[in-house]
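The primary structure of each chain is shown beneath.
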Amino acid sequence: MSTGNNGPEDTGGKPPRSSGGPSPFTEEEIAAVTGPGDEDELEDSEVATIEADEVPDLQSSFEKLVVKSRNLSPERIRTVVESVLFVAEKPLDLDQLFEATGIDREKIQEALNLISGVHRDGISGIVLYEVSGGWQFRTDPHSGEYVRRYLRVKPQRLTRAAVETLAIIAYRQPVTRPEIEDIRGVDCGAVIKALLDRKLIKILGKKEEVGRPMLYGTTREFLEFFALKDLSALPTLREFHELTQEHQEIVEKERPSAPAAAGTVEMLADPDFQKRMDKSVAASEAALEELEQAMDAADKTQKAASSVLNPTPPPPPEAPPEAPPEGEKGPEPA
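Here the structure is a predicted model, which means the values were calculated and not measured.

*Asks:* In this structure, what is going on with the overall build of the chain? I would like to understand it.
*Replies:* A tally of helices and strands in the chain yields 13 helices and 5 strands. Looking at the 334 residues of the chain, the share that counts as buried comes to 18%. Once local pairs closer than 6 in sequence are excluded, the contacts in the chain between residues at least 24 apart make up 46%. Counting every atom, the chain has about 27,500 Å² of accessible surface; 56% of that belongs to carbon and sulfur.

*Asks:* Would you explain the pattern of salt bridges in this entry?
*Replies:* Proximity of charged atoms lets side chains of opposite charge pair with each other. Following the criterion strictly, the structure yields 13 salt bridges and no others. Across the pair glutamate 75 and arginine 78 runs a salt bridge whose closest N-O atoms are separated by 2.4 Å. In this pair, glutamate 75 and arginine 78 are both assigned in helix α3 (residues 74-87), 3 residues apart and thus about one turn of the helix distant. Residue classification places glutamate 75 among the partly exposed residues on the basis of a relative accessible area of 46%.

*Asks:* Quick question: what am I supposed to make of the sheet that holds strand β3 (residues 175-176) here?
*Replies:* Note on sheets: strands pair through backbone hydrogen bonds, and any given pair is parallel or antiparallel. Spatially, β3-β5-β4 is the arrangement adopted by the 3 strands of the open sheet, whose pairing is antiparallel. Taken across any chain shown, the strands that pair with only one partner, and hence form the sheet edges, are β3 and β4 (201-206). Two elements, β3 and strand β5 (residues 214-218), share 2 bridges in a ladder whose sense is antiparallel. Note on β5: the bridge partner recorded for valine 175 is tyrosine 216. Along the sheet, helix α7 (residues 160-172) makes contact with β3, β4 and β5, crossing β5 at roughly 95 degrees. Where helix α9 (residues 189-197) meets the sheet, its contacts fall on β4 and β5, and the angle it forms with β4 comes to roughly 110 degrees.

*Asks:* Would you explain α7 in this entry?
*Replies:* Side chains that are three or four residues apart share a direction in an α-helix, a result of its 3.6 residues per turn. Taking 1.5 Å as the rise per residue, α7 with 13 residues should run 18 Å; its terminal C-alpha atoms sit 18 Å apart, in good agreement. Listed in full, the buried residues belonging to α7 are Ala162, Thr165, Leu166, Ile168, Ile169 and Ala170. Here the buried face of α7 lies against β3, α8 (177-184), α9, β4, β5 and α10 (220-225).

*Asks:* Quick question: what am I supposed to make of a negative patch on the surface here?
*Replies:* A contiguous patch of negative charge, built from Glu289, Glu290, Glu292, Asp296 and Asp299, is present on the exposed surface. By secondary structure assignment, the location of glutamate 290 is in helix α13 (residues 271-309). Classification of glutamate 290 by relative accessible area gives exposed; the value is 55%.

*Asks:* Please clarify how the packing of α7 against α9 should be interpreted in this entry.
*Replies:* When two helices pack together, their arrangement is given by the angle between the helix axes and the distance between those axes. The N-to-C vectors of α7 and α9 enclose an angle of 80 degrees; their axes lie 10 Å apart at closest approach. Looking at the two axes, α7 sits roughly perpendicular to α9. Residues Ala161, Ala162, Thr165 and Leu166 of α7 touch α9, and the partners they reach there are Val191, Ile192 and Leu195. Split into classes, the residues belonging to the contact of α7 with α9 amount to 6 nonpolar, 1 polar and no charged.

*Asks:* What's the story with unusual backbone geometry in this structure? I'm lost.
*Replies:* Note: most peptide bonds trans; most residues except glycine with negative phi. Put simply, glutamine 173 and proline 174 share a cis peptide bond, and its omega is -5 degrees. In the Ramachandran plot, lysine 199 falls in the positive-phi region, its phi being about 60 degrees despite a non-glycine side chain. Relative to the assigned elements, lysine 199 resides in the loop between α9 and β4. Overall, the relative accessible area of 52% leaves lysine 199 in the exposed class.

*Asks:* Would you mind showing me how to read the side chain of threonine 176 here?
*Replies:* With respect to the helices and strands, threonine 176 occurs in strand β3. Sequence-distant contacts of threonine 176, that is, excluding residues within four places in its chain, are made with Lys207, Pro213, Met214 and Leu215.

*Asks:* It is not clear to me how the side chain of glutamate 224 should be interpreted in this structure. Could you clarify?
*Replies:* With respect to the secondary-structure elements, glutamate 224 resides in helix α10. The contact partners of glutamate 224, leaving out residues within four places of it in the chain, are Lys90, Pro91, Ser132 and Arg138.

*Asks:* Could you clarify how one ought to interpret the packing of helix α4 (residues 94-101) against helix α5 (residues 105-118) in this entry?
*Replies:* Between α4 and α5, the least distance of the axes is 10 Å, while the angle of their chain directions is 110 degrees. Classified by the interaxial angle, the pair formed by α4 and α5 is roughly perpendicular. Note on element contacts: α5 touches α4 through Arg105, Ile108, Gln109 and Leu112, opposite Leu94, Asp95, Leu97, Phe98 and Thr101. In the contact of α4 with α5, the residues fall into 5 nonpolar, 2 polar and 2 charged.

*Asks:* Explain the packing of aromatic side chains to me, please; I cannot follow it from the model alone.
*Replies:* Here the distance between the centres and the angle between the planes together describe a pair of aromatic rings. All told, the structure shown has 3 aromatic pairs when counted by the stated rule. The interplanar angle of 85 degrees and the centroid separation of 5.6 Å between the aromatic rings of phenylalanine 62 and phenylalanine 98 together place this pair among those described as edge-to-face. Taken together, the residues span a long stretch of sequence, with phenylalanine 62 in helix α2 (residues 58-69) and phenylalanine 98 in helix α4 at a distance of 36 residues. Residues phenylalanine 225 and phenylalanine 226 carry aromatic rings whose centres are separated by 4.9 Å and whose planes lie at 75 degrees to one another, so their mutual orientation is edge-to-face. One aromatic cluster is present, formed by Phe222, Phe225 and Phe226 through successive ring pairs. Directly above the aromatic system of phenylalanine 98 lies the positively charged group of arginine 105, at a separation of 4.2 Å from the ring centroid.

Parameters and conventions
- Each chain has its residues counted from 1, following the order in which its sequence is written.
- Under the rules for a predicted model, residues below a pLDDT of 70 receive no local features and side-chain atom pairs below 80 are neither given nor counted, while totals for whole chains, interfaces and linings still include all residues.
- The side-chain values count all of the structure's non-hydrogen atoms but skip hydrogen atoms and water molecules.
- The secondary structure listing takes helices from DSSP runs of H or I that are at least 4 residues long and strands from runs of E that are at least 2 residues long, numbered from the N terminus.
- We call a residue buried when its accessible area falls under 20% of the maximum for its residue type, exposed when it is over 50%, and partly exposed in between, using a 1.4 Å probe and counting protein chains only.
- Contact criterion: two residues are considered in contact whenever any of their non-hydrogen atoms come within 4.5 Å of each other.
- To measure how exposed things are, a 1.4 Å probe is used in the Shrake-Rupley method; for residues, cover is taken only from the protein chains shown.
- Within this document, salt bridges are pairs made up of a side-chain nitrogen of Lys or Arg and a carboxyl oxygen of Asp or Glu, the two lying within 4 Å of each other.
- A strand pair is defined by DSSP finding two or more bridges across the two strands.
- Only the stretch in contact is used when fitting a helix axis, every axis being a line fitted to C-alpha atoms; angles between N-to-C directions are given from 0 to 180 degrees.
- Any helix carries an expected span of 1.5 Å times its number of residues minus one.
- Only residues whose relative accessible area exceeds 30% and that take part in no salt bridge are eligible for patches, with like-charged residues grouped when within 9 Å of each other and nonpolar side chains (Val, Leu, Ile, Met, Phe, Trp, Tyr) grouped when within 5 Å.
- A positive count includes Lys and Arg, and a negative count includes Asp and Glu. His and the chain ends are not counted in either.
- Where a charge lies is defined by one atom per residue type: Lys uses NZ, Arg uses CZ, Asp uses CG and Glu uses CD.
- In these notes the angle categories are as follows: under 35 degrees is roughly parallel, over 145 is roughly antiparallel, 65 to 115 is roughly perpendicular, and the rest is oblique.
- All residues other than Ala, Val, Leu, Ile, Met, Phe, Trp, Tyr, Cys, Pro, Asp, Glu, Lys and Arg, Gly among them, are scored as polar; the first ten of these are nonpolar and the last four charged.
- By convention, a stacked pair of Phe, Tyr or Trp rings (six-membered ring in the case of Trp) has centres within 6.5 Å and planes under 30 degrees apart, an edge-to-face pair has planes over 60 apart, and any other such pair is tilted.
- Counted as over-ring charges are cases with an Arg CZ or a Lys NZ within 6 Å of the ring centre that also lie within 35 degrees of the ring normal.

Right under this line is the structure:
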């Protein structure tokens, strides 16, 4: 029998036991060797603490990061910026990226241009957008249906009233509630409250006029919701007309073509077809004549009512001839 650890284990002619198989020892044998153990052993251990002098100096660490970033290659800078944008919950601007990486702002901008070329709409499943004054990774719009299905969320939708109210606020801000209601012609209190709850609009202050009404404007969440860089990215009135024309062309293309006029020749060959057409034309002419007579009667009625409501004033009576003074004779009659 070997007493060292270098020789093979004597298995008595049986195949060696694999390490993944059941243990050759019973629980009683293991307990006899290890003992019951102290249940409070972990509770009595000292908790690791960090002394005050062990807290890293953020200012000095950032300076070291700035020095280190100077030696990074453009490709490495691109990957660093890409990683920070990937974990960010909100859009990050150049200043925020500089504070996070210590990389020069001009190099960060060059890296953003490179990332935009790689992660762009229609090419990559993750697209880099410039929204709300910063940069943010978003899923490709064409893949939105699949992403929503995986996340089991419904697309966020706005009612027609909410869209109209939000458009007025976006283009006329700062704007008050009476001004919004004057444009829409209906009460907007409930819609404004719903937009405030969704953080798409906010209260900017109060207008210096009678009653001090509140002024409303859009928020950063509004820019993020519609993927806008800033308010100047809102479409102009001309773009609205062009968009409407574009939508009309899309509708015309997607509209199913009219079915062929089957049986047209047979319809024209029908001897009763011309009679029905003549009867329809005669009925149309009769209806048109009745309409003209009704319009003439209405015109006469309007003139009669106008003469009654606004009668022509009678001409003023002529003044009687003045009597000649005493001692003088009037003109002799002819």
